Amino acid sequence: MTSDPDEAATNALDPLVPRPIDLPTHVPLPRDGVRLADADFDVAKILAAPHDPARWDEWRAEIDALAAEARARLQHDDGAYDAVPWASRCRVAAQIWLWDERLWNWQERRFTPSRLLSAYADIGGLDGLVLWHAYPCIGIDERNQFDWYRDVPGLADLVSDLRAAGVRVFLDYNPWDTGTRRETDARGRVVADGEALRGVADALAADGVFLDTLKQADPAFLDAVGGERPLALEGESRVPNERLRDHVLSWSQWFADSDAPGVQRARLVERRHMLHGVRRWNRSHVDELQTAWMNGTGILVWDAVFGVWVGWNARDRSMLRSISRMQRACHELLERGTWAPLAGATSDAAALGVYGSTWTLDGVTLVTLVHRGDEPVTGRFLAPLEGRLWDLTGGASTDGEVTIPARGVAGVLAVRGAEPDWLPELLAAAAADAPETDATFPARETVRIRVPATTAAAPTDAVALPAGERRLEVLWRRRETGLYGDAPYVEEWKPLPPRLHDDRRIEVRVALGGVAVARREVSVAEWNASCSAAGLEPRGGEPEAPVTGVDLDEARAFAAALGARLPTDHEWQVAGDRLERRGPRVWNWTESEMTDGITRRVILKGGSERAMTGSDWYADGGAQPPERSLAWLRTGIDRSTAIGFRLAWDDEVAR
């Protein structure tokens, strides 16, 4: 296997700027007397374009030669693309937490795919969807990544509804999930991950697999996901040339472009390979949009990163809508046409920051134009073209004059002979669509759901907390989830260890009303004695053990039936040193549910007996001090053997 510089140590790197491996790769030209080494070409992300337009012809010839030599040297086979022909048309994808409030109705406990798809209508709709399911919750108990799909009610119907709407569905594979329970077959034989995932994908009729943290799968995994119904594999970040034969999609994540737009190496070597540009923490997506437009590749919209809102602004959504409309109409040109990077605009245009590439097939040429400048420009930027000219972004014919927004894109079609059948519809859609210019971040406020009042008196052994203001130091592990809905890595290029999972301390000021917190968690015996009053089912287990297998809403219902409620995370922390823990120790639900209208989260307190090992991506485990908090993204399968709860009472009632 080719050496992978992505695996180099990261601790000393600046997370605000691209790593060396992320930078565009310089391509020496024959006149330089040296060639780009095969090993460097095979893993390059973007092949940098020379700044001087006079060198572009020679550069095009050289990168085409490198690609042809790589295909021959590696005996490239494109059979995998024939097996999943839809993958090369999967241009706009999104990644969604299964319990995103656009997809999951918490009141009715059901999926709402039409509502989700409507939320993406203004970017031109989706071709693919990654259903993210486990991280950051996995590791709280013994459930493995496949359980986190299998246990979801209605998931097969969701996949069916999405596919009926023309959206291909990807499952997420977590290779780092090695500490939870192992999959076994009927004979007790341990089942490999690929085989387990194959079974889940077949049961759900999913189309593809996103390889979390991986650029490529191992041979055994490849064998398992192939067969009569092959699954399309999509790696995270670049796929090396040798694996383009079996990984038909990949993320163009952490790809830095050159000033004059460069060429995505994977797209050059295999024209049907679909890349999805994504910069998860950025509030401007112009860079990946322009790279995708100049390479005929796609975009991944990830607007809620593990519960953190990083929504796309109106300008970028409008630009993506325009790009996706043109790319879908011009698919055959982009996939089979003769591609000439940086051959679509004049050298004078380059001096203004305007660059163009051409794609020609059967007498039709598409020119993809980008403008790197901060002010809109109008001019005759096109290199000489034959035929009638159509402005695909403006929706009208043109004599060669084109307007390009600041840091925007434009498309021009030159037609020699009969016009394509799809052209009138494309022009009409463009003419009716005014581009947006508002680049304001669409901020969302995370709010706490109201704490219910209590009606009963507290027991005498409850821990009483007098009303008053408190300053609390809260300890938490940062990860990518934030704590209270905050975005921990805004505008960072790539969050890097050790900061990616480091412990953080923050001080919060809270005003607490008088409250009494139960000294111990609700036990199995206490639950079973009173659960019927709340319309809940009994639970098994040792009578004096903490009751588990109870989700947040069930814990609330139980508390309300007794005239109590759950303590907030702050109340739990203040009472913490005086609280007792039943055995085995389990995390405690708290009345600290928050929502930004997209993701619901709640704070867990207390720690648990379990401490899953093997990966930093697992949820925290082990005994924890009162100040330690765990941000839990709510799921439809929150019942866990590692989460229980205790009760609280307002002191006005207690008196």
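Quick summary incoming for the structure in this document. Computed from a predicted structure; not experimentally measured. (Residues numbered from 1 in each chain as written. Predicted model: local features only at pLDDT ≥ 70, side-chain atom pairs only at ≥ 80, totals over all residues. Heavy atoms only, no water.)

**What to know about the packing of aromatic side chains**
So the rule is basically this: Two rings belonging to Phe, Tyr or Trp (six-membered ring only in the last case) form a pair when the distance between their centres is within 6.5 Å. Interplanar angles under 30 degrees mark stacking, angles over 60 mark edge-to-face geometry, and anything in between is tilted. Secondary structure counts use DSSP, requiring at least four H or I residues in a row for a helix and at least two E residues in a row for a strand, with both numbered from the N terminus. The rule is simple: take the accessible area with a 1.4 Å probe, protein chains only, and divide by the maximum for that residue type; under 20% is buried, over 50% is exposed, in between is partly exposed. Only Lys NZ and Arg CZ are tested; either one counts as a charge over a ring when it is within 6 Å of the ring centre and within 35 degrees of the ring normal.
Enumeration according to the criterion identifies 23 aromatic pairs in this entry. Here the aromatic rings of phenylalanine 558 and phenylalanine 645 are separated by 5.7 Å at their centres, their planes lie at 75°, and the arrangement is edge-to-face. On the criterion of sequence distance, the pair formed by phenylalanine 558 in helix 16 (residues 552-561) and phenylalanine 645 in the loop between strand 32 (643-644) and strand 33 (648-650) is long-range, its members being 87 residues apart. Residue class for phenylalanine 558 comes out buried when judged on its relative accessible area of 2%. An aromatic cluster is defined as three or more aromatic residues linked by ring pairs; in this entry it consists of Trp132, Tyr135, Trp176, Phe210, Trp251, Trp302, Phe306, Trp617 and Tyr618. Here the basic side chain of arginine 444 rests over the ring of tryptophan 309, its NZ or CZ set 4.9 Å away from the ring centre. In this structure, arginine 634 packs its charged tip against the face of tryptophan 106, placed 4.3 Å from the ring centre.

**Let's talk about the sheet that holds strand 24 (residues 463-465)**
Let me state the cut-off plainly: A pair of strands counts as paired when DSSP detects no fewer than two bridges linking them. As a rule, the C-alpha atoms of each element are fitted with a line to give its axis, helices using only the stretch in contact, and angles between N-to-C directions run from 0 to 180 degrees.
Ordered in space as 24-27-33, the 3 strands form an open sheet in which the pairing is antiparallel. A strand with exactly one partner marks an edge of an open sheet, and here the two such strands are strand 24 and strand 33. In this sheet, adjacent strand axes meet at a mean angle of 20° when their direction is disregarded. Taken together, the 3 bridges between strand 24 and strand 27 (residues 515-517) define a ladder with antiparallel strand orientation. Each residue of the ladder has a partner; that of valine 463, found in strand 27, is valine 517.

**Observations concerning the side chain of arginine 646**
Quick reminder of the rule: Whenever a nitrogen or oxygen atom comes within 3.5 Å of another N or O atom, the pair is scored as a polar contact, on the condition that within protein one atom can donate a hydrogen and the other can accept it, and that pairs from neighbouring residues in sequence are kept only if both atoms are in side chains.
By secondary structure assignment, the location of arginine 646 is in the loop between strand 32 and strand 33. For arginine 646, a relative accessible area of 0% gives the class buried. Engagement of the side chain of arginine 646 in a polar contact is seen with the backbone oxygen of alanine 518, the distance being 2.9 Å. Among the polar contacts made by the side chain of arginine 646, one reaches the side chain of asparagine 588 at a distance of 2.8 Å.

**Some thoughts on the layout of surface pockets**
To keep things clear, this is the line we draw: Computed over the protein atoms alone on a 1 Å grid, cavities are sets of points where a 1.4 Å probe fits but cannot get out and pockets are open sets with protein on both sides within 12 Å along at least five of seven lines; a residue lines them when it has an atom within 4 Å of a point. Grid points are joined across faces, edges and corners, and a volume is the space filled by probe spheres set on the points. Polar here means any residue other than Ala, Val, Leu, Ile, Met, Phe, Trp, Tyr, Cys and Pro, which are nonpolar, and Asp, Glu, Lys and Arg, which are charged; Gly is therefore polar.
Its volume calculated, the second largest pocket comes out at about 450 Å³. Taken together, 20 residues line the second largest pocket, and the ones lying closest to its centre are Ser318, Pro405, Val409, Pro435 and Glu436. A per-element tally of the lining of the second largest pocket places helix 11 (residues 314-329) first, with 5 residues. Split by residue class, the lining of the second largest pocket holds 7 nonpolar, 7 polar and 6 charged.

**Digging into the sheet that holds strand 8 (residues 232-235)**
Through backbone hydrogen bonds, the strands of a sheet pair up, either in parallel or in antiparallel fashion. For the record, the criterion: In this analysis, two residues are considered to be in contact whenever any of their non-hydrogen atoms come within 4.5 Å of each other.
Spatial ordering of the closed barrel is given by 2-5-6-7-8-9-11-12, a layout of 8 strands whose pairing is parallel. With strand direction ignored, the average angle separating the axes of adjacent strands in the sheet is 25°. The strands touched by helix 6 (residues 155-164) within the sheet are strand 5 (128-132) and strand 6 (168-173), with strand 5 carrying the most contacts at an inclination of about 165°.

**Let's talk about the nonpolar core**
Cut-off, in case you're wondering: Note on terminology: a nonpolar core comprises buried Ala, Val, Leu, Ile, Met, Phe, Trp, Tyr and Cys residues joined through side-chain atoms within 4.5 Å.
Ranked by size, the top nonpolar core spans 164 residues in total, and within it Leu98, Leu131, Leu392, Trp589 and Phe645 carry the most contacts. Of the residues forming this core, the biggest block, 6 residues, is contributed by helix 2 (residues 56-73). In terms of nonpolar packing, the next biggest core, distinct from the first, is built from 14 residues, Val354, Leu389, Ala410 and Ala414 among them.

**Considerations on helix 14 (residues 423-431)**
Heads up, the rule is: Directions pointing from the helix axis toward each C-beta atom define the arc.
Within the span of helix 14, buried status applies to Leu423, Leu426, Leu427 and Ala430. Buried residues along helix 14 cover an arc of 95° about the axis, so they all sit on one side. Of the surrounding elements, those touching the buried residues of helix 14 are helix 11, strand 19 (388-391), strand 20 (396-397) and strand 22 (409-415).

**A look at unusual backbone geometry**
Omega for the bond connecting proline 497 with proline 498 falls within 30 degrees of zero, at 5°, which places this linkage in the cis form. Relative to the assigned elements, proline 498 resides in the loop between strand 25 (468-477) and strand 26 (503-512). In this chain, glycine 583 is followed by proline 584 through a cis amide linkage whose omega measures 0°. With respect to the secondary-structure elements, proline 584 resides in the loop between helix 17 (569-575) and strand 28 (587-588). One non-glycine residue, arginine 109, adopts positive backbone phi at about 55°. Assignment of secondary structure puts arginine 109 in the loop between strand 3 (104-105) and strand 4 (110-111). If you check the backbone angles, glutamate 491 has positive phi at about 65° while not being a glycine. Tracing the backbone shows glutamate 491 in the loop between strand 25 and strand 26. Look at glutamate 491 and you get partly exposed, because its relative accessible area is 40%.

**So, empty space enclosed by the protein**
One water molecule sets the probe size; rolling that probe over the atoms shows where empty space is left. Per the stated rule, a full pass over the model turns up 5 cavities of 30 Å³ or more. If you add up the space inside the largest cavity, you get close to 70 Å³. Forming the boundary of the largest cavity are 13 residues, of which Ser252, Phe255, Gly277, Glu288 and Thr291 lie nearest the centre. At the level of secondary structure, the elements contributing two or more residues to the lining of the largest cavity comprise strand 11 (274-278), helix 10 (286-295) and strand 12 (298-301). Ranked by residues supplied to the lining of the largest cavity, first place goes to helix 10 with 4 residues. Split into classes, the residues belonging to the lining of the largest cavity amount to 5 nonpolar, 5 polar and 3 charged.

**Details of the environment of leucine 647**
Along the chain, leucine 647 falls in the loop between strand 32 and strand 33. Along the backbone, leucine 647 and leucine 633 are 14 residues apart, and their C-alpha atoms lie at a distance of 21 Å. Leaving out residues up to four positions away in the same chain, leucine 647 has contacts with Ala516, Val517, Ala518, Val522, Phe558, Ala559, Leu562, Ala564, Arg565 and Pro567.

Read these as layout, nothing more, since geometry by itself doesn't imply function.
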